[in-house]
Amino acid sequence: MKALERQTRTRLMKLFEQHGVHPRHDLGQNFLIDLNLLDFVVQQAELGYDDVIFEIGAGTGGLTASLARDTAAVVSVEIDRTLHRMLSDVVGHLSNVTLIQSDALKNKNRFAPEVLEAVREKLAAGPNRRLKLIANLPYNIASPVISNLVASDLPWERMVFTIQWEPALRMVASPGAAQYGSLSVWLQAQCRIEILKKLPPSVFWPRPQVQSAIVLVRPDEERRARIADRAFFQDYVRRSFGLRRKLLRGVLTGMYRKQISKPEVDAILDELGLQPNSRAEELSVDTHVALANRLHSMITDKTQ
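Everything in this summary refers to the structure shown in the same document. Since the model is a prediction, treat every value here as computed from it, not as a measurement.

1. Digging into the nonpolar core
Residues Phe233, Tyr236, Leu252 and Leu291 are the most contacted members of the largest nonpolar core, which totals 71 residues. Considering each element in turn, this core owes the most residues, seven residues, to helix H13 (residues 285-303). If we skip the residues at most four places from it in the chain, Phe233 touches Val185, Trp186, Ala189, Ile227, His288, Val289 and Ala292. Formed by 27 residues, the second largest nonpolar core is a distinct cluster that contains Leu37, Val42, Ala68 and Ile134.

This is the structure we're talking about:
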């Protein structure tokens, strides 16, 4: 493999100047230029020869080349046509790298079909292949990407990514905290999440207006197995926090008015030891799982 230039601020500025373009704020283009931090991300990825790496927001390939070095395959997605051309110039010669010029998301709740197809194809190419999301995620799609991967049936084993500081706090927030919400519950119910480093704006080019974080996410199969129906649970979490300041009793009555009566909602809350004036933001992750499971069970029993 030929030597590749590292992604420094000077190199990036030259690349953009050569192509006559500038980083796009609307696409969340902030490039990690601290080489020690790039190496740290790769180290935390714990790369192996059977790994299939899913990289979203590949940019100019500063991380892509390192991910490709000791892995089976890298599927790199970049929405920007100009960056995709730069990326092709940098890593297009690497036989185990698949470059896709596309939005990674079909919509907020789904990955683009061509992206999923490419990932599944690489996973199917070997019996022991493992999926990892390793990326400097574009800030404007970071949370949906992570949520959708957790929701999918893809056999992911690890995520290491950069993200804005506020979403990182939401991922690890506890009940009662201002950041605690649907993202907190959805991820913590199925994953182990750790903020590895807090990053100042100075380690990116262009500098963002906010601080960032490197986050590690690993699946927790035991916790995930407690969820009776993940699709139901995801819908429950999204909608129960949609009106987070309202009393949960009223929110649930409205959410399931066609399936469950108000007295039945009251009975479920009482069964779980919850007060009628409870709010979604006050309940623990385990309580949300138990409540969603009980609601799902009652609705299912009524439809059978």
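2. So, the side chain of Asp80
Assignment of secondary structure puts Asp80 in the loop between strand S3 (73-78) and helix H4 (81-91). Reaching out from Asp80, the side chain makes a polar contact with the backbone nitrogen of Thr82 at a distance of 2.9 Å.

3. Examining helix H12 (residues 262-271)
Each full turn of the α-helix corresponds to 3.6 residues, which orients residues three or four apart in the same direction. Three or more residues of H12 are buried, namely Val265, Ile268 and Leu269. The buried residues of H12 occupy one face: seen down the axis, they fall within an arc of 100 degrees. Seen from the buried face of H12, the exposed residues on the opposite side, beyond 90 degrees, are Pro263 and Asp270. The elements touched by buried residues of H12 are helix H11 (248-255) and H13. Looking one or two places after H12, you find Gly273, whose phi comes out positive at around 75 degrees.

4. Describing the pattern of salt bridges
Inspection of the entire model under this criterion finds twelve salt bridges. The closest approach of N and O atoms between Arg239 and Asp235, which form a salt bridge, is 3.1 Å. In this pair, Arg239 and Asp235 both sit in helix H10 (residues 230-240), four residues apart, roughly one turn of the helix. Taking the relative accessible area as the measure of exposure, Arg239 reaches 36% and is therefore partly exposed.

5. Remarks on the sheet that holds S3
Spatial strand order, S4-S3-S2-S7-S8-S11-S9: seven strands in an open sheet with mixed pairing. Both edges of this open sheet fall to strand S4 (97-101) and strand S9 (191-199), since each of them pairs with a single strand only. Strand-to-strand twist of the sheet, defined as the mean angle between neighbouring strand axes without regard to direction, takes the value 15 degrees. Strands in contact with helix H6 (residues 142-151) are strand S2 (51-56), strand S7 (130-136), strand S8 (156-164) and S9; relative to S8, the strand with the most contacts, it is inclined by about 170 degrees.

6. Digging into the environment of Ala189
In this structure, Ala189 sits in the loop between helix H8 (182-188) and S9. Looking at Ala189, the relative accessible area reads 1%, which means it is buried. Spatially, the C-alpha atoms of Ala189 and His288 are 8.8 Å apart, while their sequence positions differ by 99 residues. Apart from the residues within four sequence positions on either side, Ala189 is in contact with Arg223, Arg224, Ile227, Phe233, Val285 and Val289.

7. As for unusual backbone geometry
Between Trp205 and Pro206 the backbone carries a cis peptide bond, its omega angle lying at -10 degrees. Mapped onto the elements, Pro206 comes out in the loop between strand S10 (204-205) and strand S11 (212-219).

8. Considerations on the pairing of S2
Burial analysis of S2 places six of its six residues in the buried class, which makes it a mostly covered element. The alternating pattern of S2 places Asp51, Ile53 and Glu55 on one face and Val52, Phe54 and Ile56 on the opposite face, and all of these are buried. Across four bridges, S2 lies against S7 in parallel orientation. Each residue of the ladder has a partner; that of Val52, found in S7, is Leu131. Where S2 meets S3, five bridges bridge the pair, whose relative direction is parallel.

9. Focus on the packing of H10 against H11
For the pair H10 and H11, interaxial distance at closest approach is 10 Å and the crossing angle is 125 degrees. When the axis of H10 is compared with that of H11, the two are oblique. For the pair H10 and H11, the crossing hand works out as right-handed. Residues Tyr236, Arg239 and Ser240 of H10 pack against Leu248, Val251, Leu252 and Met255 of H11. Considering only residue class, the contact of H10 with H11 consists of five nonpolar, one polar and one charged.

10. A look at H11
Residues Leu248, Val251, Leu252, Thr253 and Met255 constitute the buried set of H11. Where H11 is buried, its residues meet H10, H12 and H13.

What counts as what
Residues numbered from 1 in each chain as written. Predicted model: local features only at pLDDT ≥ 70, side-chain atom pairs only at ≥ 80, totals over all residues. Heavy atoms only, no water. Core = buried A, V, L, I, M, F, W, Y, C linked by side-chain atoms within 4.5 Å. Buried < 20%, exposed > 50% of the residue type's maximum accessible area, 1.4 Å probe, protein only. Helix = DSSP H or I, 4+ residues; strand = E, 2+ residues; numbered from the N terminus. Contact = heavy atoms within 4.5 Å. Polar contact = N/O pair within 3.5 Å; in protein donor to acceptor, adjacent residues only side chain to side chain. Arc of directions from axis to C-beta. Salt bridge = Lys/Arg side-chain N within 4 Å of Asp/Glu carboxyl O. Pairing = 2+ DSSP bridges. Axes fitted to C-alpha atoms, helices over the stretch in contact; angles between N-to-C directions. Parallel < 35°, antiparallel > 145°, perpendicular 65-115°, else oblique. Left-handed = near helix turned anticlockwise from the far one by under 90°. Nonpolar A, V, L, I, M, F, W, Y, C, P; charged D, E, K, R; others polar.

All we've got here are geometric facts, nothing functional implied.
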